[in-house]
Amino acid sequence: MINSIKPIAIIGAGISGLATGITLARQGIDSIIFERDEALSKNGSGMTVSKNALVLLERLGVLDQLQKESFRTDKIIIKSGKNKITELNPDILYTTRQKITEILAEHYFKSGGQILFSHNLVNFNNDKKELLFDNDSKYLVSHVLACDGINSKLREKYFASNEKAIFSGFNAWRGITKEMKIDSAEMHYGPNAHLVTYPINNALDRCFIGIVKSKNNLEESWMRKGSADEVLNDFKSFDDSVFPIFKNSKDLFKWGIYIRPPLKKLFVENITLLGDAAHPMVPFLGQGGCMAIEDGFTFGMLLKNLKLDFFKAQNLYNLIRIKRVRIIQKLSMQIAKVNHLSNPLLTNSRNIIMKYSKIPQLTQKKLHSYDAEESIKKAIQ
Ligand SMILES: Cc1cc2nc3c(=O)[nH]c(=O)nc-3n(C[C@H](O)[C@H](O)[C@H](O)COP(=O)(O)OP(=O)(O)OC[C@H]3O[C@@H](n4cnc5c(N)ncnc54)[C@H](O)[C@@H]3O)c2cc1C
């Protein structure tokens, strides 16, 4: 049986799908989210949210609750080996992907939104405007917003056939512990690796995200388990003061980070890409999820401001977003090199620049002071 539904289908209930859904719902625009899994993602990896996304979450009415259930500080301590190099002061909310997804979904439902779980998209026939799911249900829709992540089926079918996600050269570690109550956010540099640790809520449960340069490409999966011996081996050149977080974390996960080449255009006919489906990136600036929020907000507000003229909204969305995400994708890769220096002379120079120059603060300020609403206003003038 073919179901005829609301005109806008969002594929994926991750950060980009939910941010898009809320923005549309708050503007009185009907949409529906189709999610492959039977429930929202339960994986509790730490996640930072910077000012550029926080201002949007505030406008979407989500920030108050998120802030209550997260940790916010404007101080991060940067260390290299045993030594503290400096402190940076970006206003950051520290939380988890699970928490932000859960709160976005709660607000989406409150705004009248609907998610159809256990709907794994297997095909979209653009001639018939028909979505086909693996439970054999079919839906007729007018527009599709692809928020289905790095392995987006819609991207592979309509934007870049034959394209495969490429191993970035980095593997990631993550873990969370309730055993270490420390109220600071810290970044540790080491040779060919770096480590970020921070509280994820006001109870000071603490997470770590570690990134290791590697030739060994692991699969892309947030659920791939790792062991304490393996993480200690990967970070063996680090000062041993960082080891307790590995030993105390309840579960340890290790997986590969993948990227895709940038696209020239983020829409084709009536399909638009958002979030990681549009522009996966290495996580050295902590901006992938923030970009997903900026994408959803920008697309939703453009649609509203352009009175549901999809073609115009897609064009302006493309114009605004492609420039912004390219800068962030490139910079994330460059920061990877800086964070993972192994040559002692270069390491020393980096530490001196971090300590005495204003470059790190100014770069962060520039990225974080971006306001998607201003870009929308300029674009539709
Ligand atoms: C180690 C690491 C650390 C990171 N740290 C940060 C950070 O601190 N700050 C930050 O902003 N970002 C961070 N990121 C990036 C961030 O996690 C992602 O950019 C963000 O989660 C992307 O959201 P998304 O909704 O676009 O995609 P996803 O989160 O991948 O969501 C896609 C959704 O689509 C669903 N889906 C997929 N295929 C189908 C289908 N065929 N049919 C139906 N549904 C489907 C999936 O089940 C999923 O729910 C980090 C990433 C990594 C790897």
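The rules behind the values
- Residues numbered from 1 in each chain as written.
- Predicted model: local features only at pLDDT ≥ 70, side-chain atom pairs only at ≥ 80, totals over all residues.
- Heavy atoms only, no water.
- Salt bridge = Lys/Arg side-chain N within 4 Å of Asp/Glu carboxyl O.
- Helix = DSSP H or I, 4+ residues; strand = E, 2+ residues; numbered from the N terminus.
- Buried < 20%, exposed > 50% of the residue type's maximum accessible area, 1.4 Å probe, protein only.
- Contact = heavy atoms within 4.5 Å.
- Expected span 1.5 Å × (residues − 1).
- Near = heavy atom within 4 Å.
- Polar contact = N/O pair within 3.5 Å; in protein donor to acceptor, adjacent residues only side chain to side chain.
- Areas by Shrake-Rupley, 256 points an atom, 1.4 Å probe, with all protein chains shown as cover.
- Core = buried A, V, L, I, M, F, W, Y, C linked by side-chain atoms within 4.5 Å.
- Axes fitted to C-alpha atoms, helices over the stretch in contact; angles between N-to-C directions.
- Parallel < 35°, antiparallel > 145°, perpendicular 65-115°, else oblique.
- Left-handed = near helix turned anticlockwise from the far one by under 90°.
- Nonpolar A, V, L, I, M, F, W, Y, C, P; charged D, E, K, R; others polar.
- Pairing = 2+ DSSP bridges.

K.L.:
Is there a simple way to explain the pattern of salt bridges in this structure?
P.N.:
Opposite charge on two side chains makes pairing possible when the charged atoms of those side chains draw close. Summed over the entire model, instances satisfying the criterion amount to 22 salt bridges. Ionic pairing is found between K82 and D239, a salt bridge with its closest N-O pair at 2.6 Å. Residue K82 is found in the loop between strand 6 (76–80) and strand 7 (83–88), and its partner D239 is found in the loop between helix 6 (228–234) and helix 7 (243–248); the two are separated by 157 residues along the sequence. E374 is the partner of K377 in a salt bridge, and the nearest nitrogen-oxygen pair spans 4.0 Å. Of this pair, K377 and E374 both sit in helix 12 (residues 372–380), three residues apart, which is roughly one turn of that helix. Judged by relative accessible area, which is 40%, E374 ranks as partly exposed. The network of salt bridges with common partners includes R155, E156, E163 and R260.

K.L.:
Where do I start with the environment of I380 in this structure?
P.N.:
Along the chain, I380 falls in helix 12. Counting along the chain gives 47 residues from I380 to M333, while the straight-line C-alpha distance between them is 32 Å. Those residues in contact with I380, other than ones at most four positions away along the chain, are L302, N305, L306 and L316.

K.L.:
Looking at this structure, I do not really get helix 4 (residues 97–110). What am I missing?
P.N.:
Two residues of an α-helix separated by three or four positions point the same way, owing to the 3.6 residues in each turn. The first and last C-alpha atoms of helix 4 sit 20 Å apart over 14 residues, in line with the 20 Å expected at 1.5 Å per residue. Three or more residues of helix 4 are buried, namely K99, I100, T101, I103, L104, A105, H107 and Y108. G112 sits one or two residues past helix 4 and shows a positive phi near 95°.

K.L.:
Honestly, the environment of I271 in this entry has me stumped. Any pointers?
P.N.:
With respect to the element layout, I271 can be found in strand 20 (residues 271–273). I271 gets classed as buried once you look at its relative accessible area, which sits at 0%. Setting aside chain neighbours within four positions, we find I271 in contact with F124, N126, V144, L154, Y158, F159, L266 and Q314.

K.L.:
Honestly, the site of the ligand in this entry has me stumped. Any pointers?
P.N.:
Looking at the ligand, there are 31 residues lining it, with S16, E35, T48, D276 and G289 nearest. In the model, an oxygen atom of the ligand is placed 2.9 Å from a nitrogen or oxygen of the S16 side chain. If the ligand stood free it would expose 1,000 Å²; the protein chains cover 90% of that surface. For the shell around the ligand, the secondary-structure elements that each account for two or more residues are helix 1 (15–26), strand 4 (46–50) and helix 8 (288–305).

K.L.:
So what exactly am I meant to see when it comes to the nonpolar core here?
P.N.:
Side chains of nonpolar character tend, in soluble globular proteins, to be buried together. Counting 71 residues, the largest nonpolar core has L18, F34, V49, L57, I100 and L131 as the members making the most contacts within it. When residues in this core are grouped by element, the largest group, eight residues, is from helix 8. Core analysis: the second largest hydrophobic core is formed by 27 residues, A172, F253, W255 and I259 among them.

K.L.:
Is there a simple way to explain the packing of helix 2 (residues 51–59) against helix 8 in this structure?
P.N.:
For any two helices packed against each other, one specifies the inter-axial angle together with the distance between the axes. Between helix 2 and helix 8, the shortest axis-to-axis distance is 9 Å and the interhelical angle comes to 45°. When the axes of helix 2 and helix 8 are compared, the pair comes out oblique. Along this stretch, helix 2 crosses helix 8, giving a crossing that reads as left-handed. Residues N52, A53, L56, L57 and R59 of helix 2 form the contact with helix 8, whose participating residues are C290, M291, I293, E294 and F297. Taken together, the residues of the contact of helix 2 with helix 8 break down into seven nonpolar, one polar and two charged.

K.L.:
For this particular structure, what's the right way to read the environment of M281?
P.N.:
Assignment of secondary structure puts M281 in the loop between strand 20 and helix 8. Measuring from C-alpha to C-alpha, the distance between M281 and G12 comes to 18 Å, with 269 residues separating the pair along the chain. Look past the residues within four positions of M281 in its chain and what remains in contact with it is I259, Q287, G288, M291, I328, Q329 and S332.

K.L.:
Got a minute to help me understand the sheet that holds strand 4 in this structure?
P.N.:
In a beta sheet, neighbouring strands are held together by backbone hydrogen bonds and run either parallel or antiparallel to one another. Taking strand neighbours across the sheet as the criterion, the three strands line up as 4-8-5 in an open arrangement whose pairing is antiparallel. The open sheet has two free edges, formed respectively by strand 4 and strand 5 (71–73), since each of these has just one partner strand. Across the sheet, the mean angle separating the axes of adjacent strands is 25° when strand polarity is ignored. In this structure, strand 4 lies alongside strand 8 (residues 92–96), joined through five bridges in antiparallel fashion. Counted as the bridge partner of T48 is Y94 from strand 8. Packing of helix 2 onto the sheet brings it into contact with strand 4, strand 5 and strand 8, and relative to strand 4 it is tilted by some 80°.

K.L.:
What is the right way to look at the sheet that holds strand 13 (residues 143–146) in this model?
P.N.:
What the six strands build is an open sheet, ordered 9-3-2-13-20-19; its pairing is mixed. Single-partner strands in this sheet number two, and they are strand 9 (115–116) and strand 19 (267–268). Pairing of strand 2 (residues 8–11) with strand 3 (residues 31–34), which is carried by four bridges, proceeds in the parallel orientation. If you follow I8 over to strand 3, its bridge partner there is S31. Across the sheet, helix 1 touches strand 2, strand 3, strand 9 and strand 13, and the angle it forms with strand 2 is around 155°.

K.L.:
Can you help me understand unusual backbone geometry in this one?
P.N.:
Generally, phi is negative for residues other than glycine and the peptide bonds are trans, each holding for most cases. Here S118, not a glycine, exhibits a phi torsion of approximately 55°, which is positive. Within the secondary structure, S118 is located in the loop between strand 9 and strand 10 (121–125). In this structure, L204 is a non-glycine residue whose phi angle is positive, near 65°. Counting through the fold element by element, L204 comes out in the loop between strand 16 (193–199) and strand 17 (206–213). Here L204 falls in the buried class, since its relative accessible area comes to 17%.

Note that all results are geometric; they support no functional claim without further evidence.
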